[in-house]
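# Observations on chain architecture
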Amino acid sequence: MSQPKLVITGPYGSTPRGIQALAPNRLDIRDFVKDENVKQFSLYIQAIEVMYNTDQQDLISWFQIGGIHGLPHVQWNASGTAKSVSEAWGGYCTHGSVLFPTWHRPYTALFEQVLQQHAIGIAQQYPTDCDAWNSAAMTLRAPFWDWASQSLLPPEVISCEKVEIITPTSGGKKVPVDNPLMRYKFHPVDPSFPASASFWPTTLRYPTSADKDATSDVKRLEQTLVKAGPSLRSDIYNLMARVSDWEAFSNHTPGDGGSTTTSLEGIHDSIHVLAGGMTGSASTGGYQGHMSDPAIAGFDPIFFMHHSNVDRLLSLWAAIHPDVWVCEGPANDGTWTITETSTVDGNTGLSPFFNSQEGYWKSTELKNTSDLGWTYPEFNGLDMNNKELVRRVISEKVNALYGGPVPVREWSAQVHFQKFQLQKSFSVLIFIGEVPENPADWETSPSLVGATYAFVNSAAEWCANCRSHSDMVVEGFVGLNDALLKTAGSLEPEIVVPYLENKSSQLSWRIYTGVEVPLDKLPSLEIIVKATPLSQRSGDMFPTAGTPVSYPEITRGRLGGCM
């Protein structure tokens, strides 16, 4: 007889289990670490430690749950037919697919389900204030990192080696404990890991070297995130305000519906690379932190904060576009459970996430997060059955969080390239003006305008979806308005075009993997500058975009420029 499968329910709000909670909020990590939430933060830290210390072969260990995203490429939860690695296992990944946003929703539900399970057990160990601790466990939800409103993570996540929490034995007072949010320690490092990460005993962000004694470069992480903040805010606003069809919203393949806007997956890719980092030197070459590689990203403690926010953005966008949801799209080479050449859609099973012993969650069942046990602060107090009210209120909140004055036109650099051409993650950095000579200074340079990122699986040969996309083209857009207003002082074409063509203020680009990559190594790269007229009538929640105008002369004749 086969073992029963773990059914993904999401978190619950009462004991005994079996009664779904009235959905509590997932909180922004910056609020979550505040004293007012000390009980939940204390349970969260301790629950993560339990997951860390669970044997890596256990189905609900940190290692096994993180490994669903990539390596070690083992069957999880009896999903599909078992295959050995030597048979080129298809994997579960759906990156570059219309299923990208919804596949990650039950993934975060699984994490939250296990997190709360441990928190409930820990809460029962407190000798006093028992009801309050039990209540904190029942309403504990995984925090999100809203990198678009404030890109820098709090010190409790990226720089504090110790955090202060209340434990069952601390007499109701906060005591310092080792901070599990800084890193996950492998026990042991799995032999399937890529060579670049095989020597590191823990997860790293902006690794200082490729050696086993490497550490995370926290200062560089902080500087890079702060520099990227304005671009991320603009990208999210444009996504919410100007993208209205699922295909353009959901994934990073070309076809933006004329919005000149980066997709949710494309922005998600940026955060992975920005959080993990790419470092290196001319002598060692480039190497990447764990979050920068899909094969090992799931092990970094930041991963689920990031994906909880991706899920939140899905909820906000869906509220603004209540009649739009998952459309049909190609399955490409398939995955472990999706056949080759098939079409995927809202009824495709999202393996390996079972919602019963017989079947998987489907996207059509996942539109309402309350059904899985959580919601987000923006939805508090709303009648979710009143779609028009919800659309209006969420639109107002998106404007308040991410919006600003509406310009007469928006300038952007459209970036296309083949995702797997360099066989590792990389960035295409866009500059206006002088570019620093040292590549290590590029990501924080005042002349850097923004970037488009390739989030590339270092073990792509084992992932069917990655193999089928060996010539897959990624599309991204880098907004130029802020830089143009600061430097050229205008958004008018008769001023902008000659300004960006002038050698002293020229728009230029570089390819970066931790070191400089010659432009001829990415022959698929094509960058073209576009200007999109914008207008907003009184009473409209968002601006209306006109037809983009291309200015190929700005980049024509240079490697990576307009063909």
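Sequence order as written defines the numbering, with residues in each chain counted from 1. Restriction of local features to residues with pLDDT of at least 70 applies here, the model being predicted, together with a cutoff of 80 or more for giving and counting side-chain atom pairs; totals for whole chains, interfaces and linings are based on all residues. With hydrogens and water set aside, each side-chain value is computed from the structure's full complement of heavy atoms.

## Some remarks on the confidence of the model for the chain
- Of all residues in the chain, 92% attain a pLDDT of 70 or more, and the chain-wide mean is 91.
- A low-confidence stretch, residues 14–21 (pLDDT under 50), is modelled with 21 contacts involving residues beyond four sequence positions or located in other chains. Confidence of the predictor in every single residue is expressed as pLDDT, which spans 0 to 100. Contacts are residue-level and defined by heavy atoms, with any inter-residue pair within 4.5 Å sufficient.

## Some words on helix α5 (residues 130–138)
- Only protein chains enter the accessibility calculation, which uses a 1.4 Å probe; a residue is then buried when its area is under 20% of its type maximum, exposed when over 50%, and partly exposed in between. The helix count covers DSSP runs of H or I at least four residues long, the strand count covers runs of E at least two residues long, and both are numbered beginning at the N terminus. For α5, the full list of buried residues reads Trp 133, Ala 136, Ala 137 and Met 138.
- Close packing links the buried residues of α5 with α2 (38–53), α4 (100–123) and β1 (162–166).

## Examining the pattern of salt bridges
- Here, a salt bridge means any Lys or Arg side-chain nitrogen found within 4 Å of an Asp or Glu carboxyl oxygen. Inspection of every chain in the model, using the stated rule, returns 19 salt bridges.
- Residue Arg 183 pairs with Glu 161 through a salt bridge whose shortest N-O separation is 2.8 Å. Of the two residues, Arg 183 is situated in the loop between β2 (174–178) and α7 (218–242) and Glu 161 in the loop between α6 (155–158) and β1; the sequence distance between them amounts to 22 residues.
- For Arg 537, the salt bridge goes to Asp 540, with nearest N and O atoms at 3.1 Å.
- You can call Asp 540 partly exposed: its relative accessible area is 26%.

## Digging into the environment of Trp 103
- Turning to its location among the elements, Trp 103 is positioned in helix α4.
- Look at Trp 103 and you get buried, because its relative accessible area is 2%.
- Sequence-wise, Trp 103 and Gly 171 are 68 residues apart; in three dimensions their C-alpha atoms are separated by 42 Å.
- If we ignore the near neighbours within four places in the chain, the residues touching Trp 103 are Ile 68, His 69, Tyr 92, Thr 94, Leu 350, Ser 351, Pro 352 and Phe 353.
- A distance of 2.7 Å separates the side chain of Trp 103 from the backbone oxygen of Ser 351, its partner in a polar contact. Whenever two N or O atoms come within 3.5 Å, that pair is a polar contact, provided that in protein one can donate a hydrogen and the other can accept it, and provided that, for residues adjacent in sequence, both atoms are side-chain atoms.

## So, the packing of helix α10 (residues 302–320) against helix α11 (residues 387–402)
- Here α10 crosses α11 at 130 degrees, and the two axes come no closer than 8 Å. Classified by the angle between their axes, α10 and α11 sit oblique to one another. Of the two elements, α10 crosses α11, and the hand of that crossing is left-handed. Mapping the contact onto sequence places Arg 312, Leu 313, Leu 316, Ala 319 and Ile 320 in α10 and Val 390, Arg 391, Ile 394, Ser 395, Val 398, Leu 401 and Tyr 402 in α11. Whenever a helix is involved, its axis is fitted only over the stretch in contact; in every case the axis is a line through C-alpha atoms, and angles between N-to-C directions fall within 0 to 180 degrees. Angle categories are assigned with fixed cut-offs, so that under 35 degrees is roughly parallel, over 145 is roughly antiparallel, 65 to 115 is roughly perpendicular, and the rest are oblique. Here a crossing is taken to be left-handed if its near helix is turned anticlockwise relative to the far helix by less than a right angle, and right-handed if that turn runs clockwise.

## Quick look at the environment of Leu 500
- In this structure, Leu 500 sits in helix α14 (residues 493–501).
- Residue Leu 500 is classed as buried on the basis of its relative accessible area of 0%.
- Counting along the chain gives 55 residues from Leu 500 to Thr 555, while the straight-line C-alpha distance between them is 8.9 Å.
- Aside from chain neighbours lying at most four places away, what touches Leu 500 is Ile 432, Leu 480, Leu 484, Ser 505, Gln 506, Leu 507 and Ile 554.

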